[in-house]
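# Structure at a glance
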Amino acid sequence: MSPATEESITTPYAPNDRGSAGAERALWLLEEGVGAGELPGGVLMASVGGRLVTQVARGTKLPARVASVVSGETIEVDTVFDLGGLSETICTATLMMRLVSAGKVGVLDRASRFLQALGIGQRSGITLAHLLSHSAGFPAGVTVYDELVRANAGPRPGILASSGAKQYAYNHFHNLALRFEAGTRQLHSDANYIVLGEICEIVTGLPLEKAFSRFVAAPLQLRSLNFIDLATLRRRNVRPVVELFAPSGECPRRERVLAGEVWDENAWVMGGVAGHAGLFGTAREVHAWALEMLRALRGESQLCTQETARTFMYPELPQLKAGLKLGFDAFIKDAGGEQQGASTAVTTINAGGCSVVLDPALDMATVFLSNAPFSAHHNKRFPALRAEIHAALLETV
């Protein structure tokens, strides 16, 4: 099968062609979501056996209410998106997979081996596996944004997006009181991957963005998949080429539309680079990373061993609560909790507008990137839409 074009995807399909019907439904869901205002636009990409079978972009970079004031453009396949929570899996978990494969760390290592503050009290039981699976016990919804904005306006002008802000954030998250004993349940918290990002820096001896570039992006020849370091931009007095980006949303606190500037507030005050958020990229390059993860499960990856890939996506660790994964989640349809596709389907950790689902049983990778932060934070429908799109794409076989 040749790579699909936008025109071929919109061509009517034979009713008994199950795979074509899956692609058609995924496109219909995207167009319906755009039309209903659930997201301004998005890109779908899917492959089977490494061959691209679906590639389509729909919608605009800005919703109509904003485009009436700010120039809006059409989303393209090569539009750059703020990947939000995909940063956890694509950057931080993948770096950990490399480090585990190299024997530098083990998933059952105590976090206190690297960070002394995590060796005190309840925190002393936290392992890397707990952090990777969001089961360390850290509370959700914790932000250092307000404290650092106040400090910037008062005693520490210029601290925002500086090394000082980053260290302040690290110290803050080290010392959080746990909500529950590590390993007993799951609660998604920025703290888990902020701490993991710091551990990656300690083990590699590099800033997180440089570690990702050297150990993940460069080997896969991914040139646009990276962080935007706000401190470097400020120091060099340069700005991103905003025309390349799908703006993430209107930030009421920063009082502007964000394009080429991370949406997540914790990542922003830390300088745009953090273990849980800050990565930017195109659907093509996210898809290239996804194909490498499928190769890893076959023992063909240059990034990690087959054993490591299986440990992260299908862990069998008695120390870990049943059903949890390291850097990934099981793919479950949000509406009704129905399992979709083969039981091997896994998805990236994400609550935002971008997501990846891998199904090694089908040798299939599906990618959905969108600028849903314009509406997702006030739209309960979007997570179900995201899952339905992936479920439809998984039928494109």
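Residues numbered from 1 in each chain as written. Predicted model: local features only at pLDDT ≥ 70, side-chain atom pairs only at ≥ 80, totals over all residues. Heavy atoms only, no water.

### Section: the sheet that holds strand β8 (residues 328–330)
Pairing is antiparallel across the open sheet formed by 6 strands, whose spatial order is β2-β1-β11-β10-β9-β8. This sheet does not close on itself; its edge strands, each paired only once, are β2 (51–59) and β8. Ignoring which end each strand starts from, the neighbouring axes of this sheet average 15° apart. When strand β1 (residues 41–48) meets β2, the two strands line up antiparallel, connected through 8 bridges. The partner of Gly-41 across the bridge, within β2, is Gly-59. Lying on the sheet, helix α12 (residues 283–297) is in contact with β1, β2, β8, β9 (346–348), β10 (355–359) and β11 (364–370); it crosses β11 at an angle near 150°. Seen against the sheet, helix α14 (residues 382–393) touches β1, β2, β10 and β11 and runs at an angle of roughly 145° to β11. (Pairing = 2+ DSSP bridges. Helix = DSSP H or I, 4+ residues; strand = E, 2+ residues; numbered from the N terminus. Axes fitted to C-alpha atoms, helices over the stretch in contact; angles between N-to-C directions. Contact = heavy atoms within 4.5 Å.)

### Concerning the pairing of β1
A large share of β1 lies buried, amounting to 8 of its 8 residues. Side chains Gly-41, Val-43, Met-45 and Ser-47 project from β1 onto one buried face, and the interleaved Gly-42, Leu-44, Ala-46 and Val-48 project onto a second face that is buried too. The antiparallel pairing of β1 with β2 creates a hairpin that spans 2 residues between the two strands, and Gly-49 there sits at a positive phi of about 60°. With 7 bridges connecting them, β1 and β11 associate as antiparallel partners. For Val-43, the partnering residue across the bridge sits in β11 and is Leu-369. (Buried < 20%, exposed > 50% of the residue type's maximum accessible area, 1.4 Å probe, protein only.)

### Side note on the packing of helix α7 (residues 163–174) against helix α8 (residues 190–204)
Between two packed helices, the angle of one axis relative to the other and the distance separating the axes together describe the packing. For the pair α7 and α8, the least separation of the axes is 10 Å and the interaxial angle reads 120°. Considering the angle they form, α7 stands oblique to α8. Crossing angle aside, the handedness with which α7 passes α8 is left-handed. Contacts between α7 and α8 involve Lys-166, Gln-167, Tyr-170, Phe-173 and His-174 on the former and, on the latter, Ala-191, Ile-194, Val-195, Gly-197, Glu-198 and Glu-201. Taken together, the residues of the contact of α7 with α8 sort by class into 5 nonpolar, 3 polar and 3 charged. (Parallel < 35°, antiparallel > 145°, perpendicular 65-115°, else oblique. Left-handed = near helix turned anticlockwise from the far one by under 90°. Nonpolar A, V, L, I, M, F, W, Y, C, P; charged D, E, K, R; others polar.)

### A closer look at the environment of Met-313
Note on placement: Met-313 falls in helix α13 (residues 306–313). Met-313 gets classed as buried once you look at its relative accessible area, which sits at 0%. As for Met-313 and Lys-325, which are separated by 12 residues in sequence, their C-alpha atoms are 5.6 Å apart. Among residues more than four places away in sequence, those in contact with Met-313 are Met-293, Leu-297, Lys-325, Phe-328, Val-346 and Leu-358.

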